[in-house]
Amino acid sequence: MQAREDLSNAMVEVRGLTRVIRNGDRSVEILRGISFSVGKGEVVAIMGASGSGKSTLLGLLAGLDTPTGGDVLLSGVSISYMAEDKLAQIRGQQIGFVFQSYQLIPTLTALENVLLPFELNGNGEEREGVARAQALLASVGLADRMHHYPVQLSGGEQQRVALARAFVARPPIILADEPTGNLDTINGEHVLNLLLALNREQGTTLILVTHDAAIAQHASRIVTMRDGVIVSDSLTGAV
Amino acid sequence: MAALRWSSAWKISTRELRAARGKFLFVLLSVAIGVAALTGVRSFSTSFRKTLLAEARTIMAADISARMAAPPSTVEQQQLDTMMQSGMKMTPVTETISMASAAGSVNSVLVSIKAIDPAQYPFYGHVKLQPDAALSTTLTDDSVAVAPELLTRTHAAVGDSLRLNDKNFRIAAVILDEPDRLSNSMAIGLRVMMTQQGLASTGLSTPGGSSTRRYLFKLPQQNEQAVAAAKASLEKILPEALITDYRESSPALTQGLDRATDLLSLMSLVAMVLGAIGVGMSMRAHLQQRMDSIAIMKSLGASSTQVMKIYLLQTLLLGAAGGVLGVLLGLGVQITLPLILERLMHIAPAFHLQPAAMATGFVTGLLTTLLFTLPPLLDIRSVRPASIFRRAVESADGASWAQRAKQHQLQIVAGVVLFAGLAGIATVLSDSALVGRWFAAGLAITVGTLLGIAALLLLVLRAITRRTGLALPQVVRQGLANLYRPGNQTAAVLAALGTGVMLVASVFFLQHAIVSDLRLSSANNLPNIFLLDIAPDQVDGMRALLAAQPGVRGSAEMIPAITAHVVSINGVPAHDVKLKNFPRHMLQRVQLSYSDTLPPGTRVLQGTWWPAGTQTAQLAIGPKTAERLGVQPGSHIVFGVEDQRIDAVVSTIIKSDGQHGYSRVEFILPQSTLANLPVMWFGGVHVDPPQVAAAQRALYAAYPSVTVIDVADAMETIRTLVLQITRIVQFLAAFSIFAGIVVLASSVAGTRYRRLREIVVLKTLGATRARIAAIFSVEFAVIGLLAGSIGVVFATLLTRVLLPKMDIDFHVQWRAAGLTLLLAMVVTNGAGWAASFRLLGQKPLQVLREE
């Protein structure tokens, strides 16, 4: 099936995106003019072999990096060349990110890690934030591990904390970079199911980077990349 | 954007502290040690200085002395009365000479009478009498206390009568020690102390006689500013009086105190900066470890401002906690140091709680923490969230220096603010404006130069390793490569360590030079017996007698003295010349002396000393005399000696240490100028105190006409005080140096986190612990060598600038420099390994999980 391109309802829009890394005399073209869009509520998987540029693309979608050329629009607003503080605001209010290597702050407990986006963005009362964080941790099965530090949690448990953190501020967009990449099969499946369940519950737009075709099949659409370009963009038929 | 509430920022920042207490210990200790050294050194030096100055006052027995020919006029007395209403006390001391004889004896001796008010005199110190009793109860209007030599000469004893100008006085006691013995003029005659009324009853103190008056003043406040203000007031009220304060009574002691103050000021500043370096290095290392967390926070929506808020609060908390701990440690130093000194060195400075010093220490600790964490805090702005994905450091894309400067303009401004802040703190902290000024400027220039040199050295290292290629052993190659790999902070580490070594070495070099100089002025062979009225034909015989006398150290100093009067100054007759607080009548009788070589204990301040055999009439005088007479090099003073005139040109301004015979002479000329003029001699020699009495008896037996003045006790007081200064300086310098080494070591140790991943990867690839240890040892050794070399060179330069300003000769201290360099390498290696050795023994995964 061919990809739909409904630009009028686009949550995320990418236009001619390029990213070149320079180090001394050498330069590497990681992305070479990527263009696509994602509608509200879609679940999109971005697939490709290692080095295809998919993680870089995800970072640019989140405003974590600056493109060399092209643009990224979130809800119609261009973010690629925004000032850093404004970008931080976008990240805090519109995007939840799940990293491959969890990226929890080691000096904070699980609860404190989940609470952090809420505190940083001043969204509502503290009590409300704590209640939501606790509820999210309970929903990912970590009710009894709230006060543990990341070093005291297994990989799967850490990723579940990262999931809860991504959803605590109720962002409209979730970006997940190889969320099961560092996990064994059982934990990976569990985390993926939790991610998809939370996504359904909250009606977020989910863009998921993976090299695993089995995981990609859970998405409603697969965008395949190779050598910095999109080679295919098709619907899977999944709901 | 919804702002990050301060309460939320506080919570986040304190959570980090709670979770990683051990890692914050370095920062806390750096601040605490710096503040402790600053508070302890500063408080203790203030207490010690107060104690020493209190002792120094006993040498004059007052705060201020005014020497006058006549009593104050009515107007002058009214003005003095006004000053006394503010609490100032005043007491007269009248001195004159006369002949005295024991009752029943026809032999009379020349005596030097000192009439005092026993109810007030002395204001400081006390007169030791035998039999032991208070002066106020011993002396009455018809009794006297006398020097022991007088009893020897007159064959009298306590209880006998002494006749003075047809009046009999009972000898009530023997004077064993007189606090202001050194302050008196070198009047010939044996000491007799009596009351003012007693002297008046003899008729010897009538106007127009040979008596001189001194007025001693005691101020209600004994700080140096009050003394200076009172002295200025008295100089206005009594323009004909010679006014001196207690600091001038012993130049050696004053000089020693001033130098100690300069050095202690420097130590305070060094302690502050070392603590700040430790804080800066620790915070930099701490924030570098936090880069991942900072990137995560930014990816979660935190702005740079919000993240900086969090870490600024952390910094303030660490600075405040370290400051409090440091103040408490400093208080501990202040309390225990006197106890240690009393036990080890028999010095007992009084303990004075110094709230001002404690507050200053705390505020300084907090301010320097904030200042030195400003640059690493600003680096937070440049942390890119993308670093989560990509650990490799992207180069600056060929940006020019101007572009890079623009990119880092806030850091540059922060650096300027940092040095301006340091300069301000140094100015406030320093008791010595000289030290404060040079310190701030020197530090700014040094750090800037160090950064440049460090960067250059790394470029040279890189060039060397590229050229040598695989010829170098792998261990050396990798160790050197570690220094200039991307993301390394070697230039900053070198600059920080080099600055630290410079400061510690400066303290070491300066205290070494100052202590050597102090030892000269506290040598135990300085004259403590003065001999007056030696005839020219007695000089050689006197020398021989003293050389053979037990207890005599070194050879006697014999100084020629020619009595003269001043005819004119710069063509203006003496009775018209404008003088500054110099009694005009003193121009009528001055002592000239001659020497063809620079006298012992003397240094040239302006001009040069004449070559031996000079025939021209040149003149060397002290700076105070020059100021009072209104002369400078090139001025003419015409002296009259009998019917001869000597037109001398002021060629040299000299400064005497006050401990040698020539320090008693105001005017020195070449020998040829005073040839064939009537000369009497006076001399000085050191006799061990237990042998003084025997020496006096021998001298009297051989030369009964020569007056012997025993100032052994007074000289011993000065010597002891100067020795105390020496020991305190050494002790506090050692303390500061030790504190500095600890701070530098912790700074080196703070860089260990950088090596963690490297150790883990190397172990994974099969490197043995010995090989890894060798690689890092090369890195540590090179850092230590470079930082040590830079630091020693700059310390030598700083010493070169400061020592001449303290009137101390500068010499390169090669041995000390070598030792400092070696110590820098040892400390760097030792600290690096003390902090990192456990990493070698642990499993890689375990370390990674904990980090």
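Parameters at a glance
- Residues numbered from 1 in each chain as written.
- Chains lettered and ligands numbered in written order.
- Predicted model: local features only at pLDDT ≥ 70, side-chain atom pairs only at ≥ 80, totals over all residues.
- Heavy atoms only, no water.
- Helix = DSSP H or I, 4+ residues; strand = E, 2+ residues; numbered from the N terminus.
- Buried < 20%, exposed > 50% of the residue type's maximum accessible area, 1.4 Å probe, protein only.
- Contact = heavy atoms within 4.5 Å.
- Areas by Shrake-Rupley, 256 points an atom, 1.4 Å probe, with all protein chains shown as cover.
- Salt bridge = Lys/Arg side-chain N within 4 Å of Asp/Glu carboxyl O.
- Pairing = 2+ DSSP bridges.
- Axes fitted to C-alpha atoms, helices over the stretch in contact; angles between N-to-C directions.
- Parallel < 35°, antiparallel > 145°, perpendicular 65-115°, else oblique.
- Left-handed = near helix turned anticlockwise from the far one by under 90°.
- Phe/Tyr/Trp six-rings, centres within 6.5 Å; stacked < 30°, edge-to-face > 60°.
- Core = buried A, V, L, I, M, F, W, Y, C linked by side-chain atoms within 4.5 Å.
- Lys, Arg positive; Asp, Glu negative; His and termini not counted.
- Polar contact = N/O pair within 3.5 Å; in protein donor to acceptor, adjacent residues only side chain to side chain.
- Nonpolar A, V, L, I, M, F, W, Y, C, P; charged D, E, K, R; others polar.

**Regarding the overall build of chain A**
Now for step 1: Helix and strand content of chain A: seven helices and ten strands.
Now for step 2: Buried positions account for 56% of the 239 residues belonging to chain A.
Now for step 3: Look at the contacts in chain A between residues 6 or more apart in sequence, and 67% of them connect residues 24 or more apart.
Now for step 4: By element, 48% of the accessible surface of chain A is carried by carbon and sulfur atoms, the whole surface being about 9,700 Å².

**What about the overall build of chain B?**
Now for step 1: Each helix and strand in chain B was counted, giving 24 helices and 21 strands.
Now for step 2: When contacts within chain B are restricted to residue pairs at least 6 apart in sequence, long-range pairs at least 24 apart make up 83% of them.
Now for step 3: By element, 60% of the accessible surface of chain B is carried by carbon and sulfur atoms, the whole surface being about 35,200 Å².

**Observations regarding the pattern of salt bridges**
Residue and element names in this part refer to chain B.
Now for step 1: With the rule as written, the count across this model stands at 18 salt bridges over all chains.
Now for step 2: A salt bridge links Asp63 to Arg57; the shortest N-O distance between them is 2.4 Å. Both residues of the pair, Asp63 and Arg57, count as buried.
Now for step 3: Between Lys231 and Asp245 there is a salt bridge; the shortest N-O distance is 3.8 Å. Of the two residues, Lys231 is situated in helix α7 (residues 224-237) and Asp245 in strand β10 (residues 242-245); the sequence distance between them amounts to 14 residues.

**What to know about the sheet that holds strand β6 (residues 95-98) of chain A**
Residue and element names in this part refer to chain A.
Now for step 1: Pairing within the open sheet is mixed, and its six strands lie in the order β6-β7-β8-β3-β9-β10. Each edge of the open sheet carries a strand with a single partner, namely β6 and β10 (229-235). Going across the sheet, the axis of each strand differs from the next one's by a mean of 15 degrees, ignoring polarity.
Now for step 2: Relative to strand β8 (residues 205-210), strand β7 (residues 173-177) runs parallel, the two being bridged by five bridges. Pairing of Ile174 across the sheet is with Leu206, part of β8.
Now for step 3: Sheet strands touched by helix α1 (residues 54-61): β3 (43-48), β6, β7, β8 and β9 (221-226). Its angle to β8, the strand with the most contacts, is close to 155 degrees.
Now for step 4: Those strands touched by helix α2 (residues 84-94) are β6 and β7, and its axis lies near 80 degrees from that of β6.

**Here's the deal with the packing of helix α3 (residues 110-121) of chain A against helix α5 (residues 155-167) of chain A**
All names here are of chain A.
Now for step 1: Where α3 meets α5, the closest approach of the two axes is 7 Å, and the angle between their N-to-C directions is 25 degrees. Overall, the two elements α3 and α5 adopt an arrangement that is roughly parallel. When the axes of α3 and α5 are compared, the crossing they make is right-handed. Two secondary-structure elements touch here, α3 through Ala110, Asn113, Val114 and Pro117 and α5 through Val161, Ala164 and Arg165.

**So, the packing of aromatic side chains**
Now for step 1: This model, assessed by the stated rule, comprises five aromatic pairs over all chains.
Now for step 2: The interplanar angle of 25 degrees and the centroid separation of 4.6 Å between the aromatic rings of Phe97 of chain A and Phe99 of chain A together place this pair among those described as stacked.
Now for step 3: For the ring pair Tyr594 of chain B and Trp681 of chain B, a centre distance of 6.4 Å and an interplane angle of 85 degrees mean the geometry is edge-to-face. Here Trp681 of chain B lies in strand β20 (residues 680-687) and Tyr594 of chain B lies in strand β14 (residues 590-594), a separation of 87 residues in the sequence. For the pair Tyr594 of chain B and Trp681 of chain B, a shared accessibility class is recorded, and that class is buried.

**Examining the nonpolar core**
Where a protein is soluble and globular, its nonpolar side chains tend to be buried together.
All names here are of chain B.
Now for step 1: Among the nonpolar cores identified, the biggest contains 124 residues, and Tyr121, Phe217, Leu238 and Phe439 are the most heavily contacted of them.
Now for step 2: No other element matches the 17 residues that helix α16 (residues 490-521) contributes to this core.
Now for step 3: When near neighbours in sequence (up to four residues on either side) are disregarded, Leu238 contacts Ala66, Met68, Pro72, Glu76, Leu80, Ile243 and Asn581.

**Focus on the side chain of Arg132 of chain A**
Residues and elements named next belong to chain A.
Now for step 1: Here Arg132 lies in helix α4 (residues 126-139).
Now for step 2: Although Arg132 is buried, it makes no salt bridge; Glu128 carries the closest opposite charge, 6.9 Å away.
Now for step 3: A polar atom in the side chain of Arg132 sits 2.8 Å from the backbone oxygen of Val168.
Now for step 4: Sequence-distant contacts of Arg132, that is, excluding residues within four places in its chain, are made with Phe167, Val168, Arg170 and Gln202.

**Examining the packing of α4 of chain A against helix α6 (residues 185-202) of chain A**
Residues and elements named next belong to chain A.
Now for step 1: Their axes nearest at 11 Å, the elements α4 and α6 cross at an angle of 135 degrees. The angle between the axes of α4 and α6 places the two elements in the oblique class. Facing α4, whose interface residues are Arg132, Leu136 and Ser139, α6 presents Leu194, Leu198 and Gln202.
Now for step 2: Each residue belonging to the contact of α4 with α6 can be placed in one class, and the counts come to three nonpolar, two polar and one charged.

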